[in-house]
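Spelled out from the first residue to the last, the chains are:
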Amino acid sequence: MRRSLFMAAAAAVILSSASLTAAPAYASDPGSYAAALADTGRTAEDRARDEARHAAETLDFAGVRPGQKIADMIIGGGYFTRIFSAAVGPEGHVTAWQPAEFIAFQASYGDSLTAADALPNVDAIRSPIGAPEFPADLDLVFTAQNYHDLHLQPFPADTASKVNAAAFAALKPGGRYVIIDHYAAVGSDLSAARTLHRIDIEAVKREVQAAGFVLDGESDILANTTDPRTANVFDGSIRGRTSQFMLRFRKPG
């Protein structure tokens, strides 16, 4: 549901310049994901969202490959879960996590998780938000537009640190932790997560690095320079067009 306002040529320039170290992508090229994106297990609604969400470029940035073990953290409607399921193939595995609190809050979250669990290489987990039951030896932990939820008012103040620690423990050495979220204004405190469903990129970096991760790359391919970053992401003036950041962290080793 998020759209970039950049033209394709401008987006390509931004992606290359915004990468932290200008390191090459993990995969050979975003075009290598065409088969996964065309998979019949994905819905027409999913495919209609691929361009705006830069799905192929996101998979490339995250280094998704066949045979990997991936955890999709707070899956929402399961958009990325379905892509990962197709991309890792029958030799890979996807763990889809929807926090128990989300399922209790809205039945559709449980329905999305049940649907994801029906995919042949996906297992669903419903553990509490402060205690994700990720399996061991993961290649990637991924979350899109939901990291800020770890700072919502009902949850304890240490929820984000607990989740980051769980991600670190679950990943194999060299494994990646990729976070996409809505930009808050520079210097915003964590109240923006509760009031606007946004978060300051620097706050995310500090929290994740405090868990032991190394910042490995970042991209502004999902950025929108017309977003003032001060409106709630569900506000009609910006919904579907928010400016978002993409960060890639690595577990040392």
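### Regarding helix 8 (residues 159-170)
Next, step 1: Here helix 8 spans 17 Å end to end across 12 residues, near enough to the 16 Å set by a 1.5 Å rise per residue.
Next, step 2: Every buried residue of helix 8 is accounted for by Thr 159, Ala 160, Val 163, Asn 164, Ala 166, Ala 167 and Ala 170. The buried side chains of helix 8 occupy one side of the element, clustering within an arc of 160 degrees when seen end-on.
Next, step 3: If you follow the buried residues of helix 8, they end up packed against strand 1 (69-73), strand 2 (93-97), strand 4 (138-144), strand 5 (171-182) and helix 10 (201-210).

### What about the packing of aromatic side chains?
For any pair of aromatic rings, geometry is given as the distance between the ring centres together with the angle between the planes.
Next, step 1: Within this structure, the stated rule accounts for 10 aromatic pairs.
Next, step 2: Ring centres 6.4 Å apart and planes at 50 degrees place the aromatic pair Tyr 177 and Phe 249 in the tilted group. Separated by 72 residues along the polypeptide, Tyr 177 in strand 5 and Phe 249 in strand 7 (residues 244-250) bring together distant segments of the chain.
Next, step 3: Of the residues examined, Tyr 177 reaches a relative accessible area of 0% and is grouped as buried.
Next, step 4: Here the aromatic cluster, defined as three or more aromatic residues joined through ring pairs, consists of Tyr 79, Phe 80, Phe 84 and Phe 142.
Next, step 5: Directly above the ring of Phe 61 sits Arg 248, whose terminal nitrogen or CZ lies 4.5 Å from the centroid.
Next, step 6: Positioned over the ring face of Phe 168 is Lys 251, at 4.9 Å from the centre of the ring.

### Notes on the side chain of Asn 224
Next, step 1: Looking at where Asn 224 falls in the secondary structure, it is placed in the loop between strand 6 (214-219) and strand 7.
Next, step 2: Within the structure, Asn 224 has its side chain in polar contact with the side chain of Thr 226 (distance 2.7 Å).

### A closer look at the layout of surface pockets
If a probe the size of a water molecule is rolled over the atoms, the empty space left behind becomes visible.
Next, step 1: In this structure, the largest pocket encloses a volume near 950 Å³.
Next, step 2: Residue lining of the largest pocket: 37 residues in total, with Gly 76, Tyr 109, Asn 146, Asp 149 and Phe 234 positioned closest to the centre.
Next, step 3: Among the secondary structure elements, those contributing two or more residues to the lining of the largest pocket are helix 3 (44-49), helix 5 (79-88), helix 6 (100-105), helix 7 (107-117) and strand 4.

### Structural notes on the sheet that holds strand 2
Next, step 1: Taken in spatial order, the seven strands make up an open sheet running 3-2-1-4-5-7-6, and their pairing is mixed. In this open sheet, the two edge strands, each paired with only one partner strand, are strand 3 (122-125) and strand 6. Direction aside, neighbouring strands of the sheet carry axes that sit 20 degrees apart on average.
Next, step 2: Of the strand pairs in this sheet, strand 1 and strand 4 are connected by three bridges, and their pairing is parallel.

### Overview of the side chain of Ser 243
Next, step 1: Along the polypeptide, Ser 243 turns up in the loop between strand 6 and strand 7.
Next, step 2: The residues touching Ser 243, leaving out its near neighbours within four places in the chain, are Asp 181, His 182, Tyr 183, Arg 198, Leu 222, Ala 223, Asn 224, Asp 227 and Arg 229.

### Notes on the environment of Pro 135
Next, step 1: Relative to the helices and strands, Pro 135 resides in the loop between strand 3 and strand 4.
Next, step 2: Expressed as a C-alpha distance, the spacing of Pro 135 and Ala 167, which sit 32 residues apart in the sequence, is 9.6 Å.
Next, step 3: Other than its neighbours up to four places away in sequence, Pro 135 contacts Thr 95 and Ala 170.

### Digging into the packing of helix 4 (residues 55-62) against helix 5
Next, step 1: Between helix 4 and helix 5, the shortest axis-to-axis distance is 12 Å and the interhelical angle comes to 65 degrees. Between helix 4 and helix 5, the crossing angle belongs to the class labelled roughly perpendicular. Helix 4 and helix 5 meet at a crossing whose hand is right-handed. When helix 4 is examined against helix 5, the residues Ala 55, Thr 58 and Leu 59 are found in contact with a partner set consisting of Tyr 79, Phe 80, Ile 83 and Phe 84.
Next, step 2: Grouping the constituent residues of the contact of helix 4 with helix 5 by class yields six nonpolar, one polar and no charged.

### Here we look at the pattern of salt bridges
Next, step 1: As enumerated under the stated definition, the model contains nine salt bridges in all.
Next, step 2: Taking the shortest distance from any N to any O, the salt bridge between Arg 82 and Asp 46 comes out at 2.6 Å. Pair noted here: Arg 82 is in helix 5 and Asp 46 is in helix 3, with a separation of 36 residues, a long-range link. An identical accessibility class is assigned to Arg 82 and Asp 46; each is buried.
Next, step 3: A salt bridge links Glu 202 to Lys 205, with the nearest nitrogen and oxygen atoms 3.3 Å apart. One end of the pair, Glu 202, and the other, Lys 205, are both in helix 10, three residues apart, so they sit about a helical turn from each other.
Next, step 4: Counted as one network, the salt bridges with shared partners bring together Glu 202, Lys 205 and Glu 218.

Conventions and cut-offs
- Residues numbered from 1 in each chain as written.
- Predicted model: local features only at pLDDT ≥ 70, side-chain atom pairs only at ≥ 80, totals over all residues.
- Heavy atoms only, no water.
- Helix = DSSP H or I, 4+ residues; strand = E, 2+ residues; numbered from the N terminus.
- Expected span 1.5 Å × (residues − 1).
- Buried < 20%, exposed > 50% of the residue type's maximum accessible area, 1.4 Å probe, protein only.
- Arc of directions from axis to C-beta.
- Contact = heavy atoms within 4.5 Å.
- Phe/Tyr/Trp six-rings, centres within 6.5 Å; stacked < 30°, edge-to-face > 60°.
- Lys NZ or Arg CZ within 6 Å of the ring centre and 35° of its normal.
- Polar contact = N/O pair within 3.5 Å; in protein donor to acceptor, adjacent residues only side chain to side chain.
- 1 Å grid on protein atoms, 1.4 Å probe; cavity = no way out; pocket = protein on both sides within 12 Å on 5 of 7 lines; lining within 4 Å.
- Points joined across faces, edges and corners; volume = space filled by probe spheres on them.
- Pairing = 2+ DSSP bridges.
- Axes fitted to C-alpha atoms, helices over the stretch in contact; angles between N-to-C directions.
- Parallel < 35°, antiparallel > 145°, perpendicular 65-115°, else oblique.
- Left-handed = near helix turned anticlockwise from the far one by under 90°.
- Nonpolar A, V, L, I, M, F, W, Y, C, P; charged D, E, K, R; others polar.
- Salt bridge = Lys/Arg side-chain N within 4 Å of Asp/Glu carboxyl O.

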